[in-house]
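Read off the chains here:
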Amino acid sequence: GKDYFSQEVGVEIRKIFIEMEKGESISSMNPKLTSKESEVLKFIGKGLKDLEISQEMGGISIHTIRTHRRSLHAKLSVTNEINLLNKAKALGLIN
């Protein structure tokens, strides 16, 4: 079959399943996102660009949006947008 996740996301998903087998809930493994990070993540999931996200969030600075993106990448331990979205979906952070 075709790989749908990068190797890095695949490793993280395997860790989640191992923790679930130990009886841990997925929510206990989720990174703690701020409300603004969650909002930015939702808009990233909808395919919006930084300027569009800024406008949707009441005109906050594009630099602030980029800071939230960097924070999301760090908290989810990913290096690009595809892996960010795949991992966020796997963790139930976005639909």
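Residues numbered from 1 in each chain as written. Predicted model: local features only at pLDDT ≥ 70, side-chain atom pairs only at ≥ 80, totals over all residues. Heavy atoms only, no water.

Peer 1: Mind showing me how you'd approach helix α3 (residues 35-45) here?
Peer 2: Structurally, the α-helix is built with 3.6 residues per turn, so residues lying three or four positions apart point the same way. Those residues of α3 that sit buried are E37, V40, L41, F43 and I44. Along the axis of α3, the buried positions cluster into a sector of 165°, meaning they face one direction only. Each element contacted by the buried residues of α3 is listed here: α4 (50-56), α5 (62-75) and α6 (81-90). Within two residues after α3, G47 carries a phi angle of roughly 85°, on the positive side. (Buried < 20%, exposed > 50% of the residue type's maximum accessible area, 1.4 Å probe, protein only. Helix = DSSP H or I, 4+ residues; strand = E, 2+ residues; numbered from the N terminus. Arc of directions from axis to C-beta. Contact = heavy atoms within 4.5 Å.)

Peer 1: Explanation requested: the environment of K32 in the structure shown.
Peer 2: Among the structural elements, K32 can be located in the loop between α2 (26-29) and α3. Residues K32 and L76 lie 44 residues apart in sequence; the distance between their C-alpha atoms is 9.7 Å.

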